[in-house]
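Coordinate inspection notes
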Amino acid sequence: MMNAAIQTSLAQLQILKAKALAVLRKGENYELKTELNSEYKERRKEAVRRVIANMTVGKDVSGLFTDVLKNMHTDDLESKKLIYLYLINYAKTKPDLVILAINTFVKDAEDGNPLIRALAIRTMGCLHVQEVLDYLCDPLRRCLADANPYVRKTAVMCVAKVYDLNRAVAEENGFVDAVRAALADSNMMVVANAVSALAEINAMGRGDVWRLDAATAGKLLTAVNECVEWGQIAILEALIDYVPGDEKEAESICERVLPRLQHANGGVVLTTVRLLLKYEAHVRRADLLAQFEKKMVPPLITLLASEPEIQYVALRNINLILQRRPRLLGKEIRAFFCKYNDPIYVKFEKIDVLVRICSERNAEPLLNELKEYAKEVDVDFVRCAVAAIGRLAIRHEAAADKAVAVLVELLQMKVDYAVQAVVAVLGEVLRRYPRRFEGVVATLCEHADYIREPEARAVYAWALGEYSEHIDGALGLLSAAAESLLEEDARVQLALLSAVVKFFLKQPQRGQQLVVRALQCATEKCANPDVRDRAYIYWRLLSADPTAARTVALSEKPPVCPESTNLPDALLAELAAELGCVSSVLQKPARHFVYAHSEKPG
């Protein structure tokens, strides 16, 4: 009986094991392994595609390394590219197995097809494995002198990878000198890649590997016209770092790069603008500087007709340029008007630029445009538009009357979210122009029932106290507000206390009961210590010396000054030197998020 039970249990275990193996065999990696070892070429090619697809979405297919390696010996260029991509991805985790592919790499580097030669040398450089370096030197030396320019331009970029991995090997084998020599290559794309490689090498080392001289600068200016956009950017960036010998040379360089402003690629345009801004320090002729500025405008405006993402990048860079050249785009205000289908992030940037380029001459059409924006249904967009109207009123005194008229019109529409934003902005305008817009306060009081948000209610309370002598029924309004003192936000409570005290000091007979009630409530029932402290201070001040209280509470406040939205000069100079880069979009210097080669974490 016991033997039979044991045999039954063993049989069940065998069945479970078989089922488990069947499940494993049905797994995708097992299926791919089978396909990669298929006798049919098309099935192997499709399996490689699926492996790369899985790798791209983050699945671990490192277990198929040896099976993928077996398929390297193929004449199919697509399969070879995919396999090389796989090797680059897993080379650091399996450096010992990568050595198995070296013979194929070396063989491919001598292939009759220049595409395969370039692919082999590029992949060997990108593997970034010390063990591969010994086998890379001879193929790289041959490719640097290859008859085909596509192979040469790939090889010069590979030198930068070798230098990153082992500087001594790159210098001892003469690879860095070969890249310097490539600056005189007959093919302009090789020249552009050589410039890019030398710039990378400089960044990795002490910055003294290569210095641009006047003769080479002239060659690069000739080469820039024949390069693709990324080659042009590399050359322009090299010229930005170059210090011209005299004013005449600076003028010549600027005039020769001006045609790059007409390029279709936004990166080329912004890099050219950065070069012109940099070289302004070396050019003294006012007419020439005016000509440069005039030619910058159309390309910058053209960028606003691109995709939303390009528009956003362009607007962030334009924002920086305007902080250095405020009048550059003053005549192009309509180009920055928001379109109905602009994404919200583009609309925000456009409004910011519109405020920057606004002047007294074009303030009226801009205010009319912002008024239309403030009637939209997007709450954030409306708040942004209303805030922009307030900024214009504060910055441009001549436009203040029109701006306040627009704000009052928006207030009278009684749209909840617009009312909150308008009241908050009106508070700033009233502080900027004391006693100029006293009539607006009565309109605020008429719409008191619509004022709900703490910031807006704090402004309303402040206005009641500041302009109580101009408000009919101010006592009733203050009494009604003071009754809900404990339910208000701390900001509103503080503003209400100040308003009640001001009213009492202006009209002692009428405001005595109100001020006693408000101060008692604040000192005895309010939970916020800041509110209680202010109430105690007012109480003691009023009890001890009413004259001093009047001096403190009713003193003339200095008008609010226009708030500068410009970046600090040092930061602006740093960002202007990185125009067209990620740092100009983030408006944060590259040193804050890009590690130097010697500072890489880990």
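Residues numbered from 1 in each chain as written. Predicted model: local features only at pLDDT ≥ 70, side-chain atom pairs only at ≥ 80, totals over all residues. Heavy atoms only, no water.

**Side note on the overall build of the protein**
Looking only at helices and strands, the protein has 33 helices and zero strands in total. A globule of 602 residues ought to have a C-alpha radius of gyration of about 25 Å, yet the protein, at 36 Å, is considerably larger. Expressed as lengths along the three principal axes of its C-alpha atoms, the size of the protein is roughly 105 × 105 × 45 Å. Sequence-distant contacts in the protein: of pairs separated by 6 or more residues, those separated by 24 or more amount to 65%. Accessible surface, the protein as shown: approximately 30,200 Å² in total, 53% of it carbon and sulfur. Here the protein carries 77 positive and 79 negative side-chain charges, and the mean point of each set is 2 Å from the other. (Helix = DSSP H or I, 4+ residues; strand = E, 2+ residues; numbered from the N terminus. Rg over C-alpha atoms; globule rule 2.2 N^0.38 Å. Contact = heavy atoms within 4.5 Å. Areas by Shrake-Rupley, 256 points an atom, 1.4 Å probe, with all protein chains shown as cover. Lys, Arg positive; Asp, Glu negative; His and termini not counted. Charge placed at Lys NZ, Arg CZ, Asp CG, Glu CD.)

**Observations regarding unusual backbone geometry**
A positive phi angle is found at Arg435, which is not glycine, with a value near 65 degrees. Its place among the elements puts Arg435 in the loop between helix H24 (416–432) and helix H25 (439–446). Arg435 gets classed as partly exposed once you look at its relative accessible area, which sits at 34%. Although it is not a glycine, Gln587 adopts a positive phi angle of roughly 55 degrees. (Buried < 20%, exposed > 50% of the residue type's maximum accessible area, 1.4 Å probe, protein only.)

**Notes on the pattern of salt bridges**
Per the counting criterion, the structure on display carries 37 salt bridges. Two residues, Asp76 and Lys45, come together in a salt bridge whose shortest N-O distance is 3.3 Å. Taken together, the residues Asp76 in the loop between helix H4 (65–69) and helix H5 (77–90) and Lys45 in helix H3 (residues 41–56) connect sequence positions 31 residues apart. Assigned by exposure class, Asp76 and Lys45 land together as buried. Note that Glu466 is salt-bridged to Lys502, the shortest N-O span being 2.6 Å. Taken together, the positions of Glu466 in helix H26 (residues 454–466) and Lys502 in helix H28 (residues 490–506) put the pair 36 residues apart, joining distant regions of the chain. (Salt bridge = Lys/Arg side-chain N within 4 Å of Asp/Glu carboxyl O.)

**What to know about the packing of helix H13 (residues 188–204) against helix H15 (residues 229–241)**
Closest axis-to-axis distance for the H13/H15 pair is 9 Å, and the angle between their directions is 50 degrees. Relative to H15, the element H13 lies oblique. Of the two possible hands of crossing, H13 and H15 adopt the one that is left-handed. The residues of H15 that touch H13, namely those facing Ala192, Val195 and Ser196, are Gly231, Ala234, Ile235 and Ala238. (Axes fitted to C-alpha atoms, helices over the stretch in contact; angles between N-to-C directions. Parallel < 35°, antiparallel > 145°, perpendicular 65-115°, else oblique. Left-handed = near helix turned anticlockwise from the far one by under 90°.)

**Quick word on the packing of H3 against H5**
Where H3 contacts H5, the axes come no closer than 10 Å and their chain directions differ by 35 degrees. Crossing geometry of H3 relative to H5 is assigned as left-handed. For the pair H3 and H5, the contacting residues are Lys45, Val48, Arg49, Val51, Ile52 and Met55 in the first and Glu78, Ser79, Leu82, Ile83, Leu85, Tyr86, Asn89 and Tyr90 in the second. Tallied by class, residues from the contact of H3 with H5 come to nine nonpolar, two polar and three charged. (Nonpolar A, V, L, I, M, F, W, Y, C, P; charged D, E, K, R; others polar.)

**Section: the nonpolar core**
Grouped together as the largest cluster of nonpolar side chains are 207 residues, with contacts concentrated most on Tyr86, Leu87, Leu140 and Phe336. Setting aside residues up to four positions removed in sequence, Tyr86 forms contacts with Val51, Ile52, Met55, Val61, Ser62, Leu64, Phe65 and Val68. (Core = buried A, V, L, I, M, F, W, Y, C linked by side-chain atoms within 4.5 Å.)

**Observations concerning the environment of Tyr84**
Looking at the element boundaries, Tyr84 is found in helix H5. Linking Tyr84 and Arg122, residues 38 residues apart in sequence, is a C-alpha distance of 9.5 Å. Among residues more than four places away in sequence, those in contact with Tyr84 are Met72, Thr104, Phe105, Asp108, Leu119, Ala120 and Thr123. A polar side-chain atom of Tyr84 sits 2.3 Å from a polar atom in the side chain of Asp108. (Polar contact = N/O pair within 3.5 Å; in protein donor to acceptor, adjacent residues only side chain to side chain.)

**Some words on helix H23 (residues 400–412)**
The terminal C-alpha atoms of H23 lie 18 Å apart, and with 13 residues this matches the ideal 18 Å at 1.5 Å per residue to within 8%. Buried residues of H23: Ala400, Ala403, Val404, Val406, Leu407, Val408, Leu410 and Leu411, and no others. Where the residues of H23 are buried, they touch helix H21 (363–373), helix H22 (379–395), H24 and H25. Positive phi appears at Lys414, one or two residues downstream of H23, with a value of about 60 degrees. (Expected span 1.5 Å × (residues − 1).)

**A word on the side chain of Glu35**
Residue placement: Glu35 occurs in helix H2 (residues 28–36). Classification of Glu35 by relative accessible area gives buried; the value is 15%. Those residues in contact with Glu35 that sit more than four places away from it in its chain are Arg43, Arg44 and Ala47.

**Looking at the packing of aromatic side chains**
Within the structure shown, the criterion is met by seven aromatic pairs. Centre to centre, the rings of Tyr86 and Tyr90 are 5.0 Å apart; their planes meet at 55 degrees, and the pair counts as tilted. Linking Tyr86 with Tyr90, this pair stays in helix H5, spanning four residues, or about one helical turn. Judged on exposure class, the residue Tyr86 and its partner Tyr90 are both buried. Members of the aromatic cluster, connected to one another through ring pairs, are Phe65, Tyr86 and Tyr90. Directly above the aromatic system of Tyr433 lies the positively charged group of Arg436, at a separation of 5.0 Å from the ring centroid. (Phe/Tyr/Trp six-rings, centres within 6.5 Å; stacked < 30°, edge-to-face > 60°. Lys NZ or Arg CZ within 6 Å of the ring centre and 35° of its normal.)

**A few points about the environment of Val169**
As for its position among the elements, Val169 is in helix H11 (residues 167–172). Residue class for Val169 comes out buried when judged on its relative accessible area of 16%. Taking the C-alpha atoms as reference, Val169 lies 8.5 Å from Cys137; in sequence the two are 32 residues apart. Ignoring anything within four residues of it in the chain, the contact list for Val169 reads Leu133, Cys137, Val162 and Phe175.

**A closer look at H3**
Turn by turn, an α-helix covers 3.6 residues, leaving residues three or four places apart pointing in a common direction. Its 16 residues give H3 an end-to-end C-alpha distance of 23 Å, which sits within 8% of 22 Å, the value for a rise of 1.5 Å per residue. All of the buried residues along H3 are Lys45, Ala47, Val48, Val51, Ile52, Asn54 and Met55. Directly beyond the C-terminal end of H3, a positive phi value near 100 degrees is found at Gly58.

**Describing the confidence of the model for the protein**
Caution applies to low-pLDDT parts of the model: their predicted coordinates are not meant to be read in detail. The share of residues in the protein with pLDDT of 70 or more is 94%, and the mean pLDDT across the chain is 88. Here residues 19–26 scores under 50 on pLDDT; set against residues more than four positions off or in separate chains, the count is three contacts. (pLDDT = per-residue confidence, 0-100.)

**A word on the side chain of His396**
By the element assignment, His396 lies in the loop between H22 and H23. Taking the relative accessible area as the measure of exposure, His396 reaches 14% and is therefore buried. When residues no more than four places from it in sequence are discounted, the contact partners of His396 are Cys358, Ser359, Glu360 and Tyr433.

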